[in-house]
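Coordinates in review
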Amino acid sequence: MIQYERFVLDNGLRVIVHEDHSTPMAVVNVMYDVGARDENPNKTGFAHLFEHLMFGGSINIEDYDEPLQMAGGENNAYTTNDLTNYYIQLPSENLETAFWLESDRMLSLAFSEKSLDVQRKVVCEEFKEHYINKPYGDVWHKLRELSYKEHPYRWMTIGKELSHIENAQLADVKSFFFKHYRPVNAVLVVAGHVSLDEVKRLSDKWFGPIPMGEKYIRNLPQESKQMQARLLEVEADVPLDAFYKTWHMASRLSKRYYAADLLSDILSGGGSSRLYQALVKEKQLFSQVDCSHMGSVDAGLLTIEGKLVKGVKMSDAEQAVKEEVEKMKSELVNEAELQKVKNKTESMIAFEDMSVMNRANSLATYELLGDAEMMNTELSRYQEITAEDIKKESEEIFDENNSNTMHYFSKN
Amino acid sequence: MKKNKNMLDRTVAPQIKDAVEFNLQLKKSEQFTLDNGIPVYSINAGAQEVTLVELVFHAGNWHEDQNIIAGTTNFLLKNGTSKKSAFEINEHFEYYGAYLNRNCYNETANITLHCLNKYLKDVLPVVSELITDSVFKEEELAIYKQNQIQRLKVSLQKCDFVANRFIDEYLFGFDHPYGRYTSIPDFEALNRDKIVKFYNDYYINGKCIIFVAGNLPADIFQQLNTAFGHLPLNKNSIAEKRFTISPATEKKQRVINDPNGVQGAVRMARPFPNRHHPDFMKVQVLNNLFGGFFGSRLMSNIREDKGYTYGIHSYFENHVQDSAWMISTEAGRDVCEATIGEVYKEMEILKEELVDEEELLLVRNYMIGSILGDLDGPFQIIGRWKNYVLNGLDESYFYKSINTIKTISAEEIRQLAQKYFVPEEFYELVVV
């Protein structure tokens, strides 16, 4: 059980306090309810670029990093398709420094031309490093576009193309900030060697005076049910052929999510998982194979991907994947196999929860999803799943009409 | 007078306690010895009912006499014993939600188990089985070879991967374990006999140290002793091997790996002595100032001012015998040379100008805060102990390091910069 307290400031900022006095450190985690899915389709990559700009100085504080480092703190941030998260770890004696820094950049950024200019370049280099200059770097770009026709998950957080980032203007930065970075759209989690009273006092003092802002009402086009299988064939300068297939799955908040998560663990994720055993070890069609899902807030994708052993025909590899998937639809998994993936989930949660930072991050994520208490109820949601649920979910997901296949051929 | 909320002056930073005022303590590791003489270092801390068990063998590539034998032996430890197939082994650990990993380094190779306390009894005997009864079946070796070769082919298209191989070769020479790397023919040349022999010499009859951490079960000693205390380990001393460093004569290298590449992997490095050298601790502070954290000179100039790269870092290679001081980044193809120029400029500034007290205090505070954060949790603490034990150090190293961070002067830092930032002593490499 993770203990925590929750309160809401007058301006709508939700605050969660999780005390753990076994550490000398404090964690301050600020999560904003905005991600790449909230971007204008002609200005993609903006939520992530914006995350970089959050370190370019705020209205009253010229430099964000220096005072934090002076206080012995470290910080980082990340952007996903669903949300943006900023976190600090520092000695708890210096907790107020984190409040000062985070509240000032929630109040207003400095909106400096120089910062925008530099961060545009930095993000372009990040784009090149991860998505252009690497073999298979464009895979997710293509898979998202193939799998989503309406929902903004059709682009990646880094953005659809370099030009969207290169063309970002300061006016865009300002309007994005005042639309999304308001107390009413954020969650603050303070964890570690802290007390509820102290956090209340500091929250009132530093975050209390920030204007509430307008609640952002998300109204995104949801993906219509896919009625026909899609296929994309690609040739690229890579050493090995690769196979990718995605299927639409339920959203994070659906009960179906838990069955989908467990079924992906049955298919892959360990040396005794089905795809690895059948396709890598026994049939030797793939040199590596993986089943994963996005875990996204809106309806996501479940993916099977793998690199083919040199000389194996794409159609044979595809057929073998199909056979494993069909087995999931036609046969109940046995109890031991189901118990195995449940045990794995329990263990994963226990290891994740060792770090205060992870606990703070999870509390913020669950609060943003609707209820921080999910932190304590998730495991039982998994425990409830039966072999019948897995079979039923497999039938729902692994419908050929619900699938998107990409054959990624090596030119060499 | 009524207090006005708007009177809050946000331009004034809250008072801080300088991290250098913190009194950092490294939790003592409890030590005990199994019946057969295996030393065990343990840290009992944390709230979650989990345990980490790490078995460290003197079985790194230092000890192999053919390329990638050590790595292959380590990798295949999970792939079958006389009683269990690879599948059954994996299924066993996974059923109990346990994670069994193995890694091969230069001097050592390890097996790491993460496990819920309640299942430790069920999985430790199988760990013992892996280090006494692995059989290295031909078909497992064949699959491994095929898949590693494929993996390598993909990696060889990445400029950072290629650069990391070459820079180590320049520093140490290909015949030194620190400078050696593996190519496709090395995988093809692997044969089972050599692996079985390496396993016999360096695992079954090898030298082992155990590190455990977590909210440990009360009978942890008995559990470890039952699983490992009767094995024929630590009986023989391992033959000491010496290697000569033969660095490259040409210091500046430019490589085109992908003619269409849009970025280059930049590496700049110089040899540096190991942790026992009197400069090693002091130079950590200079390194942090130079390129060791987000607020460093290199990051501020090359990322935050010029936008040439997503990140640039400097660090010391983690070797026991000899280290190297490395600067590493991936930069836009057209700005790689400019990046190198800026790195040398930053070196010159540190050689000429004294760092001001404000910036030095910031680096001190950052480093102390970072160590404080890093001591959070049993796995991190045992990691630090492991590092000391494997490098022949003790906990006094921890306290001396802290003291160095707190007291080193700007003048000493400049002297270190003058001593080590000698451009002619740096290898330079760009791989596009």
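Residues numbered from 1 in each chain as written. Chains lettered and ligands numbered in written order. Predicted model: local features only at pLDDT ≥ 70, side-chain atom pairs only at ≥ 80, totals over all residues.

1. Looking at the overall build of chain A
The condition is simple: A run of DSSP states H or I qualifies as a helix once it reaches four residues; a run of E qualifies as a strand once it reaches two. Both are numbered from the N-terminal end. Exposure classification rests on a simple neighbour count of other C-beta atoms within 10 Å of a residue's own: a residue reaching 20 or more is buried, one at 12 or fewer is exposed, and one in between is partly exposed. C-beta atoms are placed from the backbone. For the purpose of contact definition, each residue receives a C-beta atom placed from its backbone, and two residues are in contact when these atoms lie within 7 Å.
Counting secondary structure elements, chain A contains 15 helices and 11 strands. Projecting the C-alpha coordinates of chain A onto the three principal axes gives extents of approximately 65 × 45 × 35 Å. When the 412 residues of chain A are sorted by exposure, 53% land in the buried category. When contacts within chain A are restricted to residue pairs at least 6 apart in sequence, long-range pairs at least 24 apart make up 80% of them.

2. Here's the deal with the pairing of strand E3 (residues 50–57) of chain B
All names here are of chain B. Definition in use: Here a strand pair is declared whenever DSSP counts at least two bridges between the two strands.
With eight of its eight residues buried, E3 lies for the most part within the structure. Of the two faces of E3, the one lined by Val50, Leu52, Glu54 and Val56 and the one lined by Thr51, Val53, Leu55 and Phe57 are each fully buried. When E3 meets strand E5 (residues 109–116), the two strands line up antiparallel, connected through eight bridges. Paired with Val50 across the two strands is Leu116, which belongs to E5. Judged from the seven bridges that link them, E3 and strand E6 (residues 208–214) form a sheet pairing that is antiparallel. Paired with Thr51 across the two strands is Gly214, which belongs to E6.

3. Let's talk about the packing of helix H10 (residues 297–305) of chain B against helix H11 (residues 336–352) of chain B
If you want to describe how two helices pack, look at the angle between their axes and the distance between the axes. All names here are of chain B. Applied cut-off: Angles run from 0 to 180 degrees between N-to-C directions of axes, and those axes are lines fitted to C-alpha atoms, restricted for helices to the stretch in contact. Left-handed describes a crossing in which the near helix is turned anticlockwise from the far one by less than a right angle; the clockwise case is right-handed. The residue classification treats Ala, Val, Leu, Ile, Met, Phe, Trp, Tyr, Cys and Pro as nonpolar and Asp, Glu, Lys and Arg as charged. All others, Gly included, are polar.
Put simply, H10 and H11 touch, their axes get as near as 10 Å, and they point 145° apart. Of the two possible hands of crossing, H10 and H11 adopt the one that is right-handed. For the pair formed by H10 and H11, the contact residues are Arg297, Leu298, Asn301 and Ile302 on the first element and Thr339, Glu342, Val343 and Glu346 on the second. Looking at the contact of H10 with H11 residue by residue, the class counts come to three nonpolar, two polar and three charged.

4. Some words on the domain arrangement of chain A
It is common to give the size of an interface as the accessible area lost on bringing the parts into contact. Residues and elements named next belong to chain A. The condition that has to hold: All the domain ranges listed were derived from an automatic or database domain assignment.
Considered domain by domain, chain A is made up of domain 1 (5–207) and domain 2 (230–410). Counting residues at the interface gives 31 residues for domain 1 and 25 residues for domain 2. The set of elements that each furnish at least two residues to the side of domain 1 that touches domain 2 consists of strand E2 (14–19), strand E3 (25–32), strand E5 (84–91), helix H5 (139–147) and strand E6 (186–192). For the side of domain 1 that touches domain 2, the element with the highest residue contribution is H5, accounting for five residues. A class-by-class count of the residues in the side of domain 1 that touches domain 2 yields 15 nonpolar, nine polar and seven charged.

5. Notes on the pairing of strand E2 (residues 39–44) of chain B
Residue and element names in this part refer to chain B. Sheet analysis places strand E1 (residues 30–33) next to E2, joined by four bridges and oriented antiparallel. Bridged to Glu30 within E2 is Ser42. Counting the residues between successive antiparallel strands, the hairpin from E1 to E2 contains five residues, one of them, Gly37, with a positive phi of roughly 95°. Relative to E6, E2 runs parallel, the two being bridged by five bridges. Looking across to E6, one finds that Asn44 is bridged to Gly214.

6. Some points on the sheet that holds strand E11 (residues 427–431) of chain B
Residue and element names in this part refer to chain B. Sheet architecture is open: five strands sit in the order E7-E11-E8-E10-E9, paired in mixed fashion. Unpaired on one side and paired on the other, strand E7 (252–255) and strand E9 (309–316) mark the two borders of the sheet. Strand-to-strand twist in this sheet, taken as the mean axis angle between neighbours without regard to direction, amounts to 10°. Here strand E8 (residues 263–272) runs beside strand E10 (residues 323–332); their pairing, made up of 10 bridges, is antiparallel. Within E10, the residue paired with Ala269 across the bridge is Met326. In the packing of helix H9 (residues 279–292) onto the sheet, contacts are made with E9 and E10, and the angle to E9 comes to roughly 165°. The sheet contacts of H11 involve E8, E9, E10 and E11, and relative to E8 the element is tilted by about 30°.

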